[in-house]
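Geometric and topological summary
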Amino acid sequence: MAEATAHPPLEIANRKRRKYKKGKTPKRGEAPESDRLDSLQWNESLPADNPFLVLAGSSEGGFLSLEEIDESEYGLIGETPGLEDGKKNKKKKLGSDMSKKRKRENEDEVSVDDGSCLIDANEGETVAKRKTKKKKRTKKSKGVSDESGHLKGEPVLEEGDKVKLHDNLAGDKFDEKLILDEDDVYAWKELRLHPLLIKSICRLGFKEPTPIQKACIPAAAHQGKDVIGAAETGSGKTLAFALPILQRLLEEREKESRSLHEENKSTEKSFLEGPLRALIITPTRELALQVSDHLKEAAKFLEIQVVSIVGGMSTEKQERLLKRKPEIVVGTPGRLWELMSAGEEHLVELQSLSFFVLDEADRMIESGHFHELQSIIDMLPMTNGSSQQSVKASAMCKTLPNLQLKKRQTFVFSATISLSDNFRRKLKRGLSSSKSSTSDGLSSIETLSEKAGIRPDVAIVDLTNAAIMAHKLEESFLECREEDKEAYLYYILSVHGQGRTIIFCTSIAALRRISSILRILCINAWTLHAQMQQRARLKAMDRFRGSEHGVLIATDVAARGLDIPGIRTVVHYQLPHSAEVYIHRSGRTARASADGCCIALISPSDKTKFFALCKSLSKESLRQFPVDDAYMPEILKRLSIARQIDKISLSNSQENVKKSWFSRNAELLGIEVEESGSEEDIVKGYKQKKMSSVQLKKLQQELNDHLKRPLQPKTFSHRYLAGAGVSPLIQQQLEELSKKNTADAKNSNRRAGFVVIGQDFVEPLQALRSSGHEVCVSVEKNRETQKLAETWKRTKRDEKKRAREKKRNERKNRKAKDGIR
Ligand SMILES: Nc1ncnc2c1ncn2[C@@H]1O[C@H](COP(=O)(O)OP(=O)(O)OP(=O)(O)O)[C@@H](O)[C@H]1O
């Protein structure tokens, strides 16, 4: 059954994302022996005082676009106790909930911008009231989404609120389905969280706190301490700072309503609107939106507004949202500072700010937005200010109960924070309180923490393990020539393309190129980079989230914090700028309790960088990603056609852009444009255009023919319908067809026509586990091996020399003896 194209199952296969065909066999461009890692030479150009060991950030440019330049700096100073494996992950649900929500928000531009959330803790009548109010408000600010159109509710918290809240936990009011019972989340009990928070946790299905949550929540929520927290990627750091914030806000409300009750004052008070209590800053927009979603999920049963303030979205809408006085604001430094410097009331009245959070703190200090962050920090009231200052603060905040004028807590979190002993000692001694204190040799993250007002009794929770990477992550590399990277990427996606994959590039140019090639090859890939409109960025993220085997090609804008369930593979198409970025990029997979793998594509020019990276992460060996070379001829054939198509399409579109620019400008100037050049040139131009369009059609047809057939290894026998890379569904259909064919053959006394042999897709992680082998990547060891090899060669050379001399001497002696005779 060689002509498989005629078969209906294969017709189905053709409609699938990946298309296959057996093709001719051009030779795979093998990397020269000298380029292979096994024979890697210590590159003398790597200086003894390795520049990659210095973690330095550029000081110019935009925050996002800076992640898309072609320079690298590696180096991590890590010291760390192990991280327990103690988390159970139900994040899929959360992830899909969030994704659905974002989808809803995306449908309405306004709601995306808004990102505010009202979490309702009131009884039925209040809900009714709120509904009417909501209608009014929606009328006022046309187009505001349901979620962000939250209205001021009127909760009545009285004596015995706790009991009421417990009743809420019983679930009579909320018809929300909880994944877990209160009994299932017993492990959370010791953290003494508010019952409504426990209910949210039941809803999220998180059976037990992760180690970072266990360590941070008591210190932050009950001891009122500042926290510097470091733990591996995907370990639940967001809730580690979010839960203490919500806990304290809830406790304060209860106390306040109790004291109002004691004073026999009306306890009918809205907690929805109030001064800003928590300001959370993240380095990227997507992360800010994700963190605010996460907070909303955690605060599902509370009456707390969370608003996200990020760039790329309507400022007016965000101002409107801030007028509702949300207690929690999550944002990026650029837009926050833009609004603050314009005097946005809610953002500049910071006397009652109780929480200041820097998520992915080490990223904040690296580039352009540091100045904006610094300006925001300068606006914050001092945490350990004099009593005079407190008096001033109290005077300014007449509306605030004393309760809320407590000292501010600062949380600094990341997966890659390393604090010097000097800083730890300094913390013990007590930091100087002045904001103008200059860095006395402290690294920037330390200066930042100090300036943000970290107090001396800060809880430092460092749970990063010695390897720093997520413990269920399997790292690997694939060595190839620069020009073969596209082929190997296609190999990974087509032979092993199971689950979601993120491909990281450092430059937007590379991202554009590979996304165009992959699209021509019918692999539907979405892109994410800083030059995209925010709307398009969110759309790409949503589509990627919604596609089970989706492919996202991203710059380092997506490297930090993004939590998308089901990412099985991370491909480092280009190596990142620093070891930190490598850790964060790789951490998009193997999150919470899931596993995953990352593959770094290493060309000869990447080796120096790669060695430096391995050295700074203390890696001596790494697994080589296994490649079945038998697939490469067909892959290279497809790729060669795709490149030709890409080239023609690119030059056509460039021509069109040029033309449209010219005619547009001519139109603006009111000039009539005539075809330039001689008649001969014009005819030649038309001919060329026609030729290129004919060629394009021909190439497209040729590629379609290749893609119609399953991707098969060169050794594949035509007697079989299916080879590797056939999805389980197609495999099953082919087997049924085969059975039918065999039965028909029996009935008509013919020999059975075909046999089906195939295999399910093997995802990269499985392939790596089954046949990836360890290769030494330590520069020192490579140097030692090289020395040994050189010594061995020298010994051999000497031995040969000695043998030759011996022979020569023997010959001489023989001749001398013969002469004497
Ligand atoms: N106690 C828990 N049990 C199970 N899953 C949890 C728990 N806490 C958080 N999660 C889930 O784990 C995932 C990762 O959490 P989060 O995004 O907070 O990680 P992170 O440590 O901030 O990662 P990164 O360093 O990459 O930013 C999320 O999907 C979250 O819902």
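Each chain carries its own residue numbering, running from 1 in the direction its sequence is written. Where local features are concerned, this predicted model is filtered to residues with pLDDT of at least 70; where side-chain atom pairs are given and counted, the filter is 80 or more; whole-chain, interface and lining totals use all residues. To obtain the side-chain values, all non-hydrogen atoms of the structure were included, while hydrogens and water were left out.

1. A short note on the nonpolar core
The biggest cluster of nonpolar side chains holds 54 residues, and the ones touching the most others in it are Trp188, Ile245 and Ile328. Going along the chain from the N terminus, every DSSP run of H or I of four or more residues is numbered as a helix, and every run of E of two or more is numbered as a strand. For this core, the element with the highest residue contribution is helix α8 (residues 237-262), accounting for nine residues. Residue contacts for Trp188: discarding those within four places in its chain leaves Leu193, Ile198, Ile201, Phe206, Lys207, Glu208, Pro209, Gln213, Ile217 and Leu243. We define a nonpolar core as any set of buried Ala, Val, Leu, Ile, Met, Phe, Trp, Tyr and Cys residues linked to one another through side-chain atoms lying within 4.5 Å. Note on exposure labels: buried denotes an accessible area under 20% of the residue type's maximum, exposed denotes more than 50%, and partly exposed covers the range between, all computed with a 1.4 Å probe on protein chains only. Counting 45 residues, the second-largest nonpolar core is a separate cluster that includes Leu493, Ile641, Ile648 and Leu703. What makes two residues a contact is simply this: any of their non-hydrogen atoms within 4.5 Å.

2. Examining the environment of Asp798
Tracing the sequence through the fold places Asp798 in helix α27 (residues 779-820). By relative accessible area, Asp798 is classed as partly exposed at 37%.

3. Topic: the UniProt feature "domain: DEAD-box RNA helicase Q" (unreviewed entry) in the protein
UniProt positions are given in the numbering used here, feature names are shortened, and annotations may be inferred rather than shown by experiment. What UniProt calls "domain: DEAD-box RNA helicase Q" (unreviewed entry) maps, in this numbering, to residues 186-214. In the segment residues 186-214, helix accounts for 48% and strand for 0%; the C-alpha atoms at its two ends are 13 Å apart.

4. A look at the packing of aromatic side chains
Any aromatic ring pair is given by two values, namely how distant the centres are and how the planes are angled relative to each other. Stacked, edge-to-face and tilted are the three classes for Phe, Tyr and Trp ring pairs, Trp counted by its six-membered ring, which pair at centre distances within 6.5 Å; planes under 30 degrees apart are stacked, over 60 edge-to-face, the rest tilted. In total, this model carries four aromatic pairs according to the counting rule given. Aromatic pair Phe241 and Phe413: ring centres 5.5 Å apart, planes at 55°, arrangement tilted. One end of the pair, Phe241, is in helix α8; the other, Phe413, is in strand β6 (residues 409-414), and 172 residues separate them in sequence. When sorted by exposure, Phe241 lands in the same class as Phe413, which is buried. Over a ring means this: the NZ of a Lys or the CZ of an Arg is within 6 Å of the ring centre and within 35 degrees of the ring normal. Sitting above the plane of the Tyr573 ring, Lys485 keeps its charged end 5.7 Å from the centroid.

5. Some remarks on the sheet that holds strand β12 (residues 567-572)
By definition, two strands form a pair when at least two bridges between them are found by DSSP. Ordered in space as β10-β11-β9-β12-β13-β8-β14-β15, the eight strands form an open sheet in which the pairing is mixed. On the outer flanks of this sheet lie β10 (525-528) and β15 (773-776), each paired with one strand and no other. The average angle at which neighbouring strand axes cross in this sheet is 30°, direction not considered. Both β10 and strand β11 (residues 551-554) contribute to a ladder of four bridges, which runs parallel. Counted as the bridge partner of Ala525 is Val551 from β11. To get an axis, fit a line to the C-alpha atoms, keeping to the stretch in contact for a helix; angles then go from 0 to 180 degrees between the N-to-C directions. Strands β9 (500-504), β10 and β11 of the sheet are contacted by helix α19 (residues 508-520), whose axis makes an angle of about 165° with β10.

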